[in-house]
Amino acid sequence: MHVHAHPDDESSKGAASTARYVAEGVEVLVVTCTGGERGSILNPKMDRPDVLANISEIRRQEMAAARDILGVRQEWLGFVDSGFPEGDPPPPLPEGCFALMPVEQAAEPLVEIMRRFKPHVVTTYDERGGYPHPDHVMCHRISVAAFEAAGDPERYPEAGPAWQPAKLYYHHTFHRRRMVALHEEMIRRGLESPYVERLADWKPDPEWDDRITTKVECAEYFPVRDRALLAHATQIDPDGPWFAVPLEVHQAAWPTEDYELVRSLVDHKPQEDDLFDGLRATVGDWTGMRGAS
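Keep in mind that what you see is a predicted model, and the values were worked out from it rather than measured.

Draft legend 1. Looking closely at the environment of P134. Following the sequence through the fold, P134 ends up in helix α6 (residues 134–150). Residue P134 is classed as buried on the basis of its relative accessible area, which comes to 17%. Residues contacting P134, with those up to four places away along its chain left out, are S82, G83, F84, P85, L93 and A99.

This is the structure:
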């Protein structure tokens, strides 16, 4: 189970490893916390009045297309996008938005889905949200809360029989070591790197990078990831920065998607290459099996 804040997050974080596991027969459920109603239109070709007027429905259509490309199931929690407040000081968050919900209340529908789907592995964002969008931080908070509550029959008794997922991971998609590797591979090939200014301003943080515990080989599935990203046409400009680095550079320079194991109820290796490390012997051949990820 991947828990994400908005439609498109499932395609920009962990999509290739998702596609790999789907190809192996794992059943994967994406839970999307909000409808992305307040997301900016980041593709100039889609920045039109008719799109803006129907943004909620269009984001749902995009999510449906990406879901089918990745081969996953998907459910909405139904919370309202908080938007990304900008300014100094930033404006207050809009009333009734996801990020202002009490965690105990917002976690309940996620607990219900966990108990119904019965995932062995759950992924979400780190405590920073991956980046400081209030919905990403809130997604982290309710995911951790739901992971801890789902196996306790005394918590949320109306959400169904207790089920305890075995492992909880944080995505570590956009970290400096990966960016440096992509930059250096572009230079090695005589190509112009789009990361020069960003890396100049990005101070090394070895302690943060060392939090990565799990590197899933999935370069073969980067094309699937890219197709899923492009399905979110309001968010992804095919001529923009997402695709400034050629696919073959991504595959050569950094062929994994990276995670941090933060909670495990099974024995596992200190450094993993599989989200199901420590679980495969327990669950056996899970081809077609429900509730695998």
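There is more to say after this.
Draft legend 2. How the structure looks around the packing of aromatic side chains. Considering all chains together, one arrives at five aromatic pairs under this definition. Taking 6.1 Å as the distance between ring centres and 75 degrees as the angle between the ring planes, the aromatic pair formed by Y169 and Y259 counts as edge-to-face. Of this pair, Y169 sits in strand β5 (residues 167–171) while Y259 sits in strand β7 (residues 256–264), and the two are 90 residues apart along the sequence. Over the face of the ring belonging to W208 we find R128, whose NZ or CZ atom lies 3.6 Å from the ring centre. Here R225 stacks its cationic end above the ring of F222, 4.3 Å away from the centre of that ring.

Draft legend 3. Focus on the pairing of strand β2 (residues 29–34). Among the six residues in β2, six count as buried, and that is most of the element. Examined bridge by bridge, strand β1 (residues 2–4) and β2 share three bridges and lie parallel to one another. Bridging across to β2, H2 finds its partner in V30. The pairing of β2 with strand β3 (residues 73–79) spans five bridges and is classified as parallel. Among the inter-strand pairings, L29 is bridged to a residue of β3, identified as R73.

Draft legend 4. Region of the structure containing unusual backbone geometry. The residue after D88, namely P89, is reached through a cis peptide bond having omega 0 degrees. Its place among the elements puts P89 in the loop between β3 and α5 (103–117). Even without being a glycine, D8 presents a positive backbone phi close to 110 degrees. Residue placement: D8 occurs in the loop between β1 and α1 (9–12). D8 sits in the buried class, given a relative accessible area of 12%. Backbone geometry at K118 places phi at a positive 60 degrees, although glycine is not the residue there. Examined against the element boundaries, K118 turns out to sit in the loop between α5 and β4 (121–124).

Draft legend 5. Representation of the packing of α5 against α6 in the model. Between α5 and α6, whose axes approach to 8 Å, the crossing angle comes to 55 degrees. Classified by the interaxial angle, the pair formed by α5 and α6 is oblique. For the crossing formed where α5 meets α6, the hand is right-handed. Counting all contacts with α5, which are made through V103, A106, A107, L110, V111, M114 and R115, the residues of α6 involved are M138, R141, I142, S143, A145, A146, F147, A149 and A150. In terms of residue class, the contact of α5 with α6 is built from 13 nonpolar, one polar and two charged.

Draft legend 6. Broad picture of the pattern of salt bridges. By the definition in use, this model includes 25 salt bridges. Put simply, E112 and R116 hold a salt bridge, and the shortest N to O gap is 2.8 Å. Residue E112 and its partner R116 are located together in helix α5, separated by four residues, close to a single helical turn. Relative accessible area serves as the criterion here: at 28%, E112 is assigned to the partly exposed category.

Draft legend 7. Structural detail: the side chain of H175. Mapped onto the elements of the fold, H175 is located in the loop between β5 and α7 (176–188). By relative accessible area, which is 3% here, H175 ends up buried. Within the structure, the side chain of H175 is placed 3.3 Å from the backbone nitrogen of R178, a separation counted as a polar contact. When neighbours within four sequence positions are excluded, H175 is seen to be in contact with W202, D209, I212, W254 and D258.

Reading the values: the criteria
- Residues numbered from 1 in each chain as written.
- Predicted model: local features only at pLDDT ≥ 70, side-chain atom pairs only at ≥ 80, totals over all residues.
- Heavy atoms only, no water.
- Helix = DSSP H or I, 4+ residues; strand = E, 2+ residues; numbered from the N terminus.
- Buried < 20%, exposed > 50% of the residue type's maximum accessible area, 1.4 Å probe, protein only.
- Contact = heavy atoms within 4.5 Å.
- Phe/Tyr/Trp six-rings, centres within 6.5 Å; stacked < 30°, edge-to-face > 60°.
- Lys NZ or Arg CZ within 6 Å of the ring centre and 35° of its normal.
- Pairing = 2+ DSSP bridges.
- Axes fitted to C-alpha atoms, helices over the stretch in contact; angles between N-to-C directions.
- Parallel < 35°, antiparallel > 145°, perpendicular 65-115°, else oblique.
- Left-handed = near helix turned anticlockwise from the far one by under 90°.
- Nonpolar A, V, L, I, M, F, W, Y, C, P; charged D, E, K, R; others polar.
- Salt bridge = Lys/Arg side-chain N within 4 Å of Asp/Glu carboxyl O.
- Polar contact = N/O pair within 3.5 Å; in protein donor to acceptor, adjacent residues only side chain to side chain.

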